[in-house]
Amino acid sequence: MTSLYRGQITLPVAPLGPDDPLPVPHRLLENPFELGADLPEQIRHGASFGRPRSMHPYLLQNNYPRTREPITLPTVVLDNGHLRATFTPTLGGRLWSLADIASGRELLHANAVLQPANLALRNAWFAGGVEWNIGTKGHAAHTMSPLHAARLTGPGGVPMLRMWEMDRLREVVFQVDAWLPAGSHALHVYVRIQNPGEHEVPMYWWSNAAVPEAPDVRVLVPATTAYATGYDGTIAEVPVPVHNGADRTFSTRSTDAADYFYDTTGTTHPWIAAVDSSGHGLAQVSTARLPGRKLFLWGTGPGGQHWQRWLSPDGPGPYLEIQAGITATQFEHVMMPGRTNWDWVETYGDIAADATRAHDEDWDAATTHVAGRVDALLPDAGLGAVLTEARRSADRAPEEVLHRGSGWGALESLVRSRSGQQWIADDGGTPFAPESLGEEQLLWEALVGEPRRGQELLAAADPATPPASYVVGQFWEDLLSSTAPGWLRDYHLGVLAHARGDDQRAEECYRASLADRRSAWALRGLAQVAAGRGDHAGATDLLSDALALADDQPTMLLEAMSAAIQAGAPQRALDLAGGAPREVRSMGRVRLLEGFAAHAAGDRDRAEQVLAEDIVIPDVREGELALSDLWAAVHPGRAVPERYDFRMRHP
């Protein structure tokens with residue numbers, strides 16, 4: 001019989017601290033790759049739209065260390081006697097582990113620690129398991145945040161885990177339903193995205209599975225070509241499996257990090273599998289709504305290996321990722337019409353292949369064999385029947401709430417109700433209960449439901465305390481504009497204008513906020529506007545004033561130092577660092593900027609001293625070359641030490 005129960009895991013965790021209180025309405029998201037004219041028109045078109053201006057209204061999750069302590073995390077476990085699937089609903093619903101019970105074989109990279117690193121759209125991300133990414137290119141906004149989770153009866157009468165949340169970037173609702181059919185050797189996952197609004201929105205989804213990497217692991221997929229990125233800013237169509245003289249379906253045969261987006265055109269049930277020399281490994285297959293398939297590898301170079309140890313410092317060993325998405329590559333979006341639902345089924349299980357045949361040099365023979373093993377994982381009626389059955393459960397109300405997610409869905413339900421807009425049914429399959437509303441929604445809930453109380457909260461707000469949260473959209477701009485002027489009201493109006501790219505209006509609102517009461521937050525907003533028009537000296541002045549009011553904000557100091565360096569005033573950057581509280585001044589990223597400023601100011605000894613003290617930056621960014629660049633600038637011609645080498649590509 002299949003069972004569903006609550007559990008827990010205890011492991012070393014670098015705790016995720018509070019969100020950074022400084023909003024990022026101005027920060028354009030990175031898109032470092034150039035899509036050439038030789039790529040298919042469909043891909044170039046899908047990459048030409050949908051990239052959001054920023055992740056606003058989400059705040060960054062950048063407050064975590066490199067030190068770890070034992071912490072117990074709640075889990076939800078599905079077990080049918082053949083497979084045991086362990087989910088972490090408080091961590092984006094990650095499928096942490098998928099284990100074959102009889103053999104004890106772990107099919108995923110089940111990390112031995114939880115060490116956040118700066119790889120996600122909101123900064124913090126951790127390696128391992130299967131994650132669910134929605135919104136835009138990158139690891140999703142919810143990847144280290146709780147989802148709503150509940151138990152209900154699923155297809156075939158077995159218990160099913162449902163997890164859901166509102167994506168604030170696209171204002172849609174997604175749900176992930178997981179169950180283990182009786183007697184099955186495969187986990188079934190039903191995914192649905194609901195766009196309840198009137199307007200179409202750019203959509204993105206990729207399910208990413210981390211699996212063990214080793215020289216004997218081969219990734220197979222029904223494709224003979226792929227679109228490959230080499231982290232040099234280019235994308236090229238390459239043959240599969242052999243490219244540049246090596247079989248790249250064995251990830252350890254690549255020195256540099258790379259993505260391979262496979263062309264699975266014409267495949268009814270797209271699949272991908274990682275098969276080791278025993279013939280075992282994870283296979284993932286889906287219905288046609290999820291055609292994209294990708295291999296990601298870190299490479300065997302020093303930078304890639306450093307990243308592996310950075311993300312999994314205590315094992316269980318290196319990993320690669322096999323991924324599935326709704327587009328051919330991760331540079332694309334596809335427009336999702338209003339009042340539309342999209343759904344599909346994914347299946348995960350042990351491929352249990354003949355290793356000799358799966359590793360055959362004859363690619364067609366190898367993929368034909370593995371395709372047969374993929375079919376063996378599926379029920380006799382096929383995935384189409386599974387999808388039909390899953391849809392019957394999609395709107396079924398939860399039977400037992402297991403975890404609460406954020407209160408933003410409940411707030412949105414209130415907003416849509418008051419404004420007469422379409423929204424998710426409160427008694428449907430993905431309810432957002434009023435009980436989920438919390439401190440982050442307090443002001444906004446009051447403004448909608450109790451305007452007088454909302455006005456009182458705005459008037460009583462202390463400018464020395466950063467606002468708890470932010471909103472986005474015309475509804476909120478109109479609502480705030482209808483309230484009495486004040487420092488917080490005008491500041492929020494400035495952020496809203498800033499988020500939609502109206503810098504002139506944003507500046508007016510920030511200045512109105514400061515005219516009422518002076519705050520570090522409005523000064524910082526003005527600084528971002530100044531920096532956006534290239535006035536880095538003016539931005540430095542404004543950020544210096546902001547720091548005088550809030551010197552405990554590391555991001556404020558980093559922005560001030562960066563502005564000073566860009567303004568050609570490195571000594572001022574050094575002075576700003578020197579005036580910061582000790583706990584802020586000693587942070588790794590502050591020390592990094594100190595090194596750059598010292599080098600720019602001609603103080604080589606100070607720059608050398610900074611590097612000699614072994615800078616540790618917990619949130620070093622994927623692809624960030626700042627540490628190796630500083631080393632090369634201060635020590636030209638000398639090899640970059642391993643501790644500073646995070647390069648994805650090597651000369």
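Residues numbered from 1 in each chain as written. Predicted model: local features only at pLDDT ≥ 70, side-chain atom pairs only at ≥ 80, totals over all residues. Heavy atoms only, no water.

Caption draft 1: Looking closely at the overall build of the chain. Each helix and strand in the chain was counted, giving 19 helices and 26 strands. Taking the principal axes of its C-alpha atoms as reference, the chain extends roughly 70 × 65 × 50 Å. A total of 651 residues make up the chain; the buried ones form 59% of that total. Taking the intrachain contacts of the chain between residues at least 6 apart in sequence as the baseline, contacts between residues at least 24 apart amount to 71%. Accessible area of the chain: about 24500 Å², with a carbon and sulfur share of 49%. Between the averaged position of the 55 positive side-chain charges in the chain and that of its 81 negative side-chain charges there is a distance of 2 Å. (Helix = DSSP H or I, 4+ residues; strand = E, 2+ residues; numbered from the N terminus. Buried < 20%, exposed > 50% of the residue type's maximum accessible area, 1.4 Å probe, protein only. Contact = heavy atoms within 4.5 Å. Areas by Shrake-Rupley, 256 points an atom, 1.4 Å probe, with all protein chains shown as cover. Lys, Arg positive; Asp, Glu negative; His and termini not counted. Charge placed at Lys NZ, Arg CZ, Asp CG, Glu CD.)

Caption draft 2: Seen up close, the side chain of Asn195. Counting through the fold element by element, Asn195 comes out in strand β11 (residues 186-195). Residue contacts for Asn195: discarding those within four places in its chain leaves Glu171, Val172, Glu200, Val201, Met336, Pro337, Gly338, Arg339, Thr340 and Asn341.

Caption draft 3: Quick peek at the pairing of strand β10 (residues 172-179). The element β10 is largely enclosed, with a buried count of 8 among its 8 residues. Going residue by residue along β10, you find Val172, Phe174, Val176 and Ala178 tucked away on one face and Val173, Gln175, Asp177 and Trp179 tucked away on the opposite face as well. As paired elements, strand β9 (residues 159-167) and β10 share 7 bridges and run antiparallel to each other. In the strand pairing of β10, Met166 is matched with Val173. Hairpin remark: β9 followed by β10, antiparallel, with 4 residues in the connecting loop; positive phi at Glu171, about 55 degrees. (Pairing = 2+ DSSP bridges.)

Caption draft 4: Region of the structure containing the sheet that holds strand β14 (residues 218-220). In spatial order, the strands read β14-β20-β21-β25-β11-β10-β9-β8-β26; together these 9 strands make up an open sheet with antiparallel pairing. The sheet is open, and its two edges are formed by β14 and β26 (400-403), each paired on a single side. The average angle at which neighbouring strand axes cross in this sheet is 20 degrees, direction not considered. Packing against the sheet, helix α4 (residues 363-377) makes contact with β11, β14, β20 (271-275), β21 (282-286) and β25 (340-350), and its axis sits at approximately 75 degrees to β14. (Axes fitted to C-alpha atoms, helices over the stretch in contact; angles between N-to-C directions.)

Caption draft 5: A look at the pattern of salt bridges. On inspection of all chains with the given rule, the structure shows 32 salt bridges. With a shortest N-O distance of 3.9 Å, Glu450 and Arg453 are connected by a salt bridge. What makes Glu450 partly exposed here is its relative accessible area of 45%. When its relative accessible area of 31% is taken as the criterion, Arg453 is described as partly exposed. A salt bridge links Arg518 to Asp545, with the nearest nitrogen and oxygen atoms 3.7 Å apart. With Arg518 in the loop between α11 (503-516) and α12 (520-532) and Asp545 in helix α13 (residues 536-549), the pair connects residues that are 27 residues apart, well separated along the chain. Accessibility expressed as a relative area gives 49% for Arg518, which makes it partly exposed. (Salt bridge = Lys/Arg side-chain N within 4 Å of Asp/Glu carboxyl O.)

Keep in mind these values describe shape, not function.
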